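The residues making up each chain are set out below.
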Amino acid sequence: MCGIIGFTGDCPAAPLLLEGLERLEYRGYDSAGVALLHRGRFLVSKTTERIGDLKAKTDKGRALKGSIGIGHTRWATHGGPSAENAHPHLSEDGRFAVVHNGIIENYADLKAELQRHGIEFSSETDTEVVPNLIAYYYKGNFLDAVLRAVGRLSGSYSLGILCCDYPDTLIAVRHFSPLIVGLGSESNFLASDVTALISHTKRVAYLEDGELAVLNPNHVEFYSSEGRPIHKESSFVNWDLAAAEKGGYNHFMMKEIMEQPRAVRETVEPRIKNGRVVFEDIGLDEERLKTFNKIAIVACGSAYHAGMVGKYVIEELLRLPVEIDLASEFRYRNPIIDHKTLVIVISQSGETADTLAALREAKARGAHILSIVNVVGSSIAKASHSLLYTWAGPEIAVATTKGYTTQVALLYLFAIWAADILSTAPKAQLEEMLEGLCRIPEAIEACLEERGRIKDMARRSCYIGSIFFIGRNIDYAVALEASLKLKEISYIHSEAYAAGELKHGTISLIEHGTTVIALAGFKPLADKLISNIKEVKARGAFVVACATEGNQEISNESDEVIYLPPVHPLLFPLVEVIPFQLYAYYVAVCKDCDVDKPRNLAKSVTVE
Ligand code: F6R
């Protein structure tokens, strides 16, 4: 959450900072600000609106002089969205300016301590202790003061820091919060992620936890947390600006929905060689695979829903018990795992704080960690024993779409790969699934072609107050994701229920006209689902079913049916979710909601 950017170079900094902040806005967007250092003074501009307002206020940055600066787009944690709480924060003496992503957990103690020294605070944020602590330790050496101050901080933080006495120098600090350094020509950047600086440089260095970087226009030095100079390799980002732009669509979400055939194809195809799944450099061989007696999947939100599909499929193909946990629960529940457990961690951003903490917990207990991650070089990617990247490309819309489908696709590949090695499923079944997986991009394309129909359906239902999604087995896993998609961007109350569970309480909410969406892709339980449809119909529900083409029975029992192309029965989630991503999108557009930046949310949840 929160996006930070910094620049030091030989040209006006403010326009670059604002451009970068616009690309980081998906990380948090309740207020924003920039601070430029010009002739020994800070020029600060803030807004409690979006970055567009900051651009308007500053004449697209032209009104702010200076070739060094920092910027921030905020997702509020400590103190509501206000000008006082917006970053950058200055030390009381005006010598230091700081932008921060993360949470300083011991800020209250530090604040009290600094107050005892007579320092006054002007915001409710945890961040404001940072510039004041640096100022407190400052004896003329910028880096020394930063090192002493960060040595006192606990929690998660990435920081961009300026000092009035150092007209070209920007210090970056990373501790459990993402931060990269962009290496340009006569200019250098820091940013929360690559999208913010890809239009200026593709050469980046990823800071590790505890590391610092001192940026000047012509050189960057890296330091350990003890202040020891360290060498850092840089790498090139292998995607370009177009991937991080809307490309003619009105919203990133629609662009990303439409990109799914490509994203799934690119995630799956390179990993299939001669009819078998090949994971190069996965760091998990047959011997180690045979030692696991259970698998635990941990993730948050949609990634958890992807994991839920994985649980059903892996159990089916591997005949190993698979537990699935929300990362925020797993990390505090004293889980029973050891070196015989394979823990699969799923995260698009690779930075989700709870997921990362769950990973560390599992690692400390001896489990082998296999992560499924989209963002290259992210914290989760780095902390894992084994790693599989979803090659979805950058995902900007807060609501995940291609991130989710590529996670699900990789889980299928993993299950097929492991079942093949361990011989836990018939070869013919695995071959059939693999062939089916290769045809999924076409099937997704076919679903996307039907978007006009989904748009009509969305228009008709966009003012309903509440909606229920039901399904069994893998359809239930999709129901959870379909329901989340709708509620998070359209603000319609939505519940997902295992179809057989509805009658244990929730069915009392069904009344005349309540919309129930019944996901009926999982053929072995189709009859059971039809009974559940009858139960809600009997109570007046309006039922929309989702099934494969030609399923006449479901059509007889429902008010409306969304037909999907036939795919392998176990692979159905990969197509079944598509109409409901579209449905959520069109409902949100119809209600004039901010599709890419839904209220109260942020893309990368780097706080607990
Ligand atoms: C919902 C959504 C979130 C994320 C969750 C985990 O559309 O995007 O629920 O799935 O915050 O994020 P990652 O995958 O980055 O760990």
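All figures in this text were calculated on a predicted structure; none of them were measured in a lab.

K.L.:
Help me understand the domain arrangement of the protein chain, please; the structure alone is not making it clear to me.
P.N.:
Note: interface size is frequently given as the accessible area lost on complex formation between the parts. When cut into domains, the protein chain gives domain 1 (2–243), domain 2 (246–438) and domain 3 (444–592). Distance from the C-alpha centre of domain 1 to the C-alpha centre of domain 2: 33 Å. On the domain 2 side, the residues contacting the 13 residues of domain 1 number 10 residues. At the boundary of domain 1 with domain 2, total buried surface from both sides reaches about 1,000 Å², with 55% on carbon and sulfur atoms. Together, Tyr26, Tyr206 and Ala243 form the three largest contributors to the area buried by domain 1 at its contact with domain 2, with a combined 41%. One salt bridge connects Asp209 with Arg360, and the closest N-O pair in it is separated by 3.2 Å. The tally of links from domain 1 across to domain 2 stands at three residue pairs in polar contact (both at pLDDT 80 or more).

K.L.:
Explanation requested: the packing of helix 16 (residues 474–490) against helix 19 (residues 573–590) in the structure shown.
P.N.:
The description of two packed helices rests on the angle between their axes and on the distance between the axes. Where helix 16 meets helix 19, the closest approach of the two axes is 9 Å, and the angle between their N-to-C directions is 15°. It follows from the interaxial angle that helix 16 and helix 19 lie roughly parallel. Handedness of the crossing formed by helix 16 with helix 19: right-handed. Contact with helix 16, carried on its side by Ile474, Asp475, Val478, Glu481, Ala482, Lys485, Leu486, Ile489 and Ser490, involves Pro573, Glu576, Val577, Phe580, Gln581, Tyr583, Ala584, Tyr585, Val587 and Ala588 of helix 19 and no other residues of that element. A breakdown of the residues in the contact of helix 16 with helix 19 according to their chemical character gives 13 nonpolar, two polar and four charged.

K.L.:
Would you mind showing me how to read the site of the ligand here?
P.N.:
Every one of the 14 residues lining the ligand counts as a neighbour, but Ser347, Gln348, Ser349, Thr352 and Glu488 are closest to it. Side-chain polar atom of Lys485 to an oxygen atom of the ligand: 2.8 Å apart, as the coordinates give it. Contact with the protein chains hides 90% of the accessible area of the ligand, taken as 400 Å² for the molecule alone. Elements that contribute at least two residues to the shell around the ligand include exactly helix 9 (301–318) and helix 16.

K.L.:
Would you take a moment to explain unusual backbone geometry for this structure?
P.N.:
Peptide bonds are, in most cases, trans, and in most cases residues other than glycine have a negative phi. Between His87 and the following residue, Pro88, the backbone shows a cis peptide bond with an omega angle of 0°. Along the chain, Pro88 turns up in the loop between strand 4 (68–74) and strand 5 (89–90). Here the phi dihedral of Asp59 falls at roughly 55°; this positive angle occurs in a residue that is not glycine. Inspection of the secondary structure puts Asp59 in the loop between helix 2 (51–57) and strand 4.

K.L.:
Got a minute to help me understand the pattern of salt bridges in this structure?
P.N.:
Pairs can form between side chains of opposite charge whenever their charged atoms are close. Within this structure, the stated rule accounts for 38 salt bridges. The shortest N-O distance in the salt bridge between Asp209 and Arg174 comes to 2.9 Å. Within this pair, whereas Asp209 is found in the loop between strand 11 (203–206) and strand 12 (212–215), its partner Arg174 is found in strand 8 (residues 170–175), the two being separated by 35 residues in sequence. One salt bridge connects Lys255 with Glu259, and the closest N-O pair in it is separated by 3.3 Å. Across this residue pair, the class does not change: Lys255 and Glu259 are buried. Counted as one network, the salt bridges with shared partners bring together Lys255, Glu259, Arg262, Glu266 and Lys402.

K.L.:
I'm lost on helix 16 in this one. Help?
P.N.:
For an α-helix the count is 3.6 residues per turn, leaving residues at separations of three or four pointing the same way. In this model, helix 16 (17 residues) spans 24 Å end to end at C-alpha, consistent with the 24 Å of a helix rising 1.5 Å per residue. When you tally the buried positions in helix 16, you get 15 out of 17 residues, the bulk of the element. Looking one or two residues past helix 16, Tyr491 carries a phi angle of roughly 65°, positive in sign.

K.L.:
Where do I start with the packing of aromatic side chains in this structure?
P.N.:
Applying the stated criterion across every chain yields a total of nine aromatic pairs. Taken together, Phe96, Tyr138, Phe142 and Tyr166 form an aromatic cluster joined through their ring pairs. Sitting above the plane of the Trp391 ring, Arg271 keeps its charged end 3.7 Å from the centroid. Sitting above the plane of the Tyr491 ring, Arg599 keeps its charged end 3.8 Å from the centroid.

K.L.:
Sorry if this is basic, but what is going on with the sheet that holds strand 15 (residues 235–236) here?
P.N.:
Adjacent strands of a sheet pair through backbone hydrogen bonds, lying either parallel or antiparallel. The strand order across the open sheet built from eight strands is 3-2-4-1-10-9-11-15, with neighbouring strands paired in antiparallel fashion. Each having just a single partner strand, strand 3 (41–47) and strand 15 make up the two edges of the open sheet. Here strand 11 runs beside strand 15; their pairing, made up of two bridges, is antiparallel. When the sheet's bridge partners are listed, Arg203 is paired in strand 15 with Phe236. Sheet strands touched by helix 1 (residues 13–24): strand 1 (3–8), strand 2 (31–38) and strand 4. Its angle to strand 1, the strand with the most contacts, is close to 155°.

Reading guide: rules and limits
Residues numbered from 1 in each chain as written. Predicted model: local features only at pLDDT ≥ 70, side-chain atom pairs only at ≥ 80, totals over all residues. Heavy atoms only, no water. Domains from an automatic or database assignment. Contact = heavy atoms within 4.5 Å. Buried area = accessible area lost by both parts, 1.4 Å probe. Salt bridge = Lys/Arg side-chain N within 4 Å of Asp/Glu carboxyl O. Polar contact = N/O pair within 3.5 Å; in protein donor to acceptor, adjacent residues only side chain to side chain. Axes fitted to C-alpha atoms, helices over the stretch in contact; angles between N-to-C directions. Helix = DSSP H or I, 4+ residues; strand = E, 2+ residues; numbered from the N terminus. Parallel < 35°, antiparallel > 145°, perpendicular 65-115°, else oblique. Left-handed = near helix turned anticlockwise from the far one by under 90°. Nonpolar A, V, L, I, M, F, W, Y, C, P; charged D, E, K, R; others polar. Near = heavy atom within 4 Å. Areas by Shrake-Rupley, 256 points an atom, 1.4 Å probe, with all protein chains shown as cover. Buried < 20%, exposed > 50% of the residue type's maximum accessible area, 1.4 Å probe, protein only. Expected span 1.5 Å × (residues − 1). Phe/Tyr/Trp six-rings, centres within 6.5 Å; stacked < 30°, edge-to-face > 60°. Lys NZ or Arg CZ within 6 Å of the ring centre and 35° of its normal. Pairing = 2+ DSSP bridges.

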